[in-house]
Amino acid sequence: MIKTSGLSKTFDGGVEAVRDVGISVEPGEIVGFLGPNGAGKTTTMRMLTTLLRPTSGTATVAGHDLRADAKEVRRNIGYVAQGGGILPTAPLKGELELQGMLYGLSRQESAAKTREVLAGLDLAGLETRLGGALSGGQSRRFDIAFALLHDPALLFLDEPTTGLDPQSRANLWGHIRALREEKGMTVFLTTHYLDEADALCDRLLIIDHGRIVAEGAPAELKTGGRTLDDVFLDITGRSLREESALSGKGA
Amino acid sequence: MLRDTWVLFRHGVGVTLRQKVGVVFGAVQPLLFLVLFGPIFTTFGTWETLVPGLIIQLGLMSMGLAGFGIVFEKRSGVLERMRVTPASRLALLLGRVLTNAVTLILQTLLLLAVAFALGLRAPALGLVAGFVLVVVLGLSLAALSYAVALTMNEQLFAPAMSTAVIPLVLLSGSFLPMSMAPGWLDALSHVSPFRYVLEALRDLFHGHYLTGTVAAGVAVTAVFAVVSLTIGTRVFNRENA
Ligand SMILES: Nc1ncnc2c1ncn2[C@@H]1O[C@H](COP(=O)(O)OP(=O)(O)O)[C@@H](O)[C@H]1O
Ligand SMILES: [Mg+2]
C-alpha cells in the first residue's frame, strides 16, 4: 500500500528533516510511526500525501507513483493533519459536503456519504454545530470524517490522539480498528503514546533524526522483558529534543 | 477544474449571502464618503466624477483585504485539507476569487443605488461597461491579495495591506481628480494602475466611450488581471502554500 525508497527531504533552510527513508506497508495493516518531536514524522507524512515534494527518492502510495500521479494518490488516500482542518466559524455539515464534492462526489452523494460517515463515528446530530463548538475528541473525529468521505483505501493520521482524554483515545482506537475490520482500510498513524502503539498497531516504525532506526511488531521490539517505553528510549536516547519547540510547524 | 471551481464558488456564495452584515460592512467606508462628502463635492464637481472614485476605493479595500480570509483558512488547516483532495489548485484559487467578485458586485450595486438616490445619472451602457471593468479589476486584486497573504508573514498581512490600500486609493485620485494635483503628485499617481481604471470609469459614467482614457483603462485592467492571476496561480501551486 506504501512503498518508498530513499525518500529524503531537505528544507530550504538546509534542515535535513527526512533522510533515505524506506517504508513498506501492506494492505490492511495498521502501522504506527513513532519518533521524538522533530524526528521527521510529519514531514514524511506530508510527502506521502503529496503536500511536500521529496528532495529525492521514490514512492508508490495506494498503487500510484507519488511524483507522476499525485492526483490519483490523492483520490485514494485520506489525510488528517496534526493540527486538523476545521474552520471554527463554519457549520460542519456544509464544510463536509463541500469536501466530499471536492473528492468528486455529487451534491446528493456527498450529503449521503456525510451522514454515513458521521453515523459511523458517532457524530450524527453534531454536524449542525459550528466547527469551534466541539470537544477535543469530537473535533478529532470530525477531522477524520473529512478524510473518509471518498472511501480511501489508505488513511494517514498525524497524532490523532494527542491532547485527548483516555476515554476519547480509547474511543478513537475503536473507530480506527472498525475502519480496518469493516472497510479493510490501511492505516498509517503517528503517536507519542506507546501504550497506544502497542495496543493498536500491527507494526511499528521508529524514526529519529530523519532516519528509520527500528521496525517490527510491538512484540518483536519488546525484547528482554522491556516495555515499549524502554525500547523507545533505548533506541532514541534520553536527551530532550530541542526541536520540540519547532515541531508542529508542518501542521 | 471548472467543476471544482463551480463547487467552491457555489459554497462560497452561499456563505457570503448568509453573512449579509459582512457584505454591507465592507461597503460602509465608501458609503460614508458618498453620503457625508458627496454633498460637498457636488457643489463644484459631479456625482459622475465622485462615484467612480468611491467604487475604486471600495474595490481596493474590499478585494485588497481578501487575503485575510485565506490566512484564516491556512491557520486552521482548512486550506491543506482541501489541498489533499484531487481538486486542482487553480480551482481552489478561482472558486475563492469568483466568490469575492460576487461580494464586490453586491457592494457596488449598493453603492450605486444610494448614489442614484442622491443624484447620480450615468448612462446604462457606461454603468455596465464600468461594472465589468471593476469586477475584473477586483477579482484580479483578490488573487494578488491571496498570493501576498500566503507569501508574507501572516501577522503582518492585515496591517500591511490596510496601510498599503490608503496611498493607493489617494494616488488613484478617488476623492479629487488628479488633474487638480500639483505636478509631482500627478506624475507619481501614474505608477498606480488604479488611476487609469478610475479615469476610464469617469469617462464611461459621463457617456464618453471611445476615448483614449477608456482604452488605457481597459488595457491596464487586462494587464493587471493577467499578472495577478499568474502570480496567484503560481503561489497556489507552490508546495507549502
Ligand atoms: N517547513 C519547514 N521548513 C523548515 N524546516 C522544517 C519545516 N517543517 C519541519 N521542519 C523541520 O524538520 C524537522 C522534522 O519536523 P517534523 O517532520 O515536523 O517532525 P515530527 O513530526 O516528527 O515532530 C524538524 O527539525 C523541523 O523543525
Ligand atoms: Mg509532527
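What you are looking at is a predicted structure, and each value in this text was computed from that prediction instead of being measured.

Visitor: Help me understand the UniProt feature "domain: ABC transporter" (unreviewed entry) in chain A in this model?
Guide: This chain's UniProt record puts "domain: ABC transporter" (unreviewed entry) on residues 2-234 of chain A. As annotated, residues 2-234 of chain A comprises 38% helix and 24% strand, and the C-alpha atoms at either end are separated by 28 Å.

Visitor: So what exactly am I meant to see when it comes to the pairing of strand β7 (residues 77-80) of chain A here?
Guide: Consecutive side chains along a regular strand alternate between the two faces of the sheet. Residues and elements named next belong to chain A. Neither face of β7 is exposed, since Ile 77 and Tyr 79 on one face and Gly 78 and Val 80 on the opposite face are all buried. The sheet contact formed by β7 and strand β8 (residues 154-158) spans four bridges and is parallel. In the sheet register, Tyr 79 faces β8, and the bridge partner there is Phe 156.

Visitor: Quick question: what am I supposed to make of the packing of helix α5 (residues 67-75) of chain B against helix α9 (residues 154-172) of chain B here?
Guide: Think of two packed helices as two axes; the pair is described by the angle between the axes and how far apart they sit. All names here are of chain B. Direction vectors running N to C along α5 and α9 enclose 170°, while the axes themselves pass 10 Å from each other. When the interaxial angle is binned, α5 and α9 end up roughly antiparallel. In this structure, α5 meets α9 at a crossing whose hand is left-handed. Contact residues: Gly 67, Phe 68, Val 71, Lys 74 and Arg 75 in α5; Glu 154, Gln 155, Phe 157 and Ala 158 in α9.

Visitor: Would you mind showing me how to read the nonpolar core here?
Guide: Val 51 and Phe 205 of chain B are the most contacted members of the largest nonpolar core, which has 67 residues in total. When sequence neighbours within four positions are dropped, the list of residues in contact with Phe 205 of chain B reads Glu 48, Val 51, Pro 52, Ile 55, Leu 112, Leu 120, Ala 122, Pro 123, Gly 126 and Leu 127 of chain B. Among the nonpolar cores identified, the runner-up in size contains 40 residues, and Ile 30, Leu 172, Ala 214 and Leu 221 of chain A belong to it.

Visitor: Help me out: how do you make sense of the coordination of the magnesium ion (ligand 2) in this one?
Guide: The textbook angles at a metal center are 109.5 degrees for a tetrahedron of four donors and 90 or 180 degrees for an octahedron of six. All names here are of chain A. Distances from the magnesium ion (ligand 2) to its protein donors, Thr 42 (OG1) and Gln 82 (OE1), fall at 2.0 to 2.2 Å. A residue pair is termed long-range when its members are at least 10 positions apart, and Thr 42 in helix α1 (residues 41-48) and Gln 82 in the loop between β7 and α3 (92-102) qualify at 40 residues. Assigned by exposure class, Thr 42 and Gln 82 land together as buried.

About the cut-offs
- Residues numbered from 1 in each chain as written.
- Chains lettered and ligands numbered in written order.
- Predicted model: local features only at pLDDT ≥ 70, side-chain atom pairs only at ≥ 80, totals over all residues.
- Heavy atoms only, no water.
- UniProt positions renumbered as here; feature names shortened; annotations may be inferred.
- Helix = DSSP H or I, 4+ residues; strand = E, 2+ residues; numbered from the N terminus.
- Buried < 20%, exposed > 50% of the residue type's maximum accessible area, 1.4 Å probe, protein only.
- Pairing = 2+ DSSP bridges.
- Axes fitted to C-alpha atoms, helices over the stretch in contact; angles between N-to-C directions.
- Parallel < 35°, antiparallel > 145°, perpendicular 65-115°, else oblique.
- Left-handed = near helix turned anticlockwise from the far one by under 90°.
- Contact = heavy atoms within 4.5 Å.
- Core = buried A, V, L, I, M, F, W, Y, C linked by side-chain atoms within 4.5 Å.
- Donors = N, O, S within 2.8 Å, 3.2 Å for Na, K, Ca; no water.

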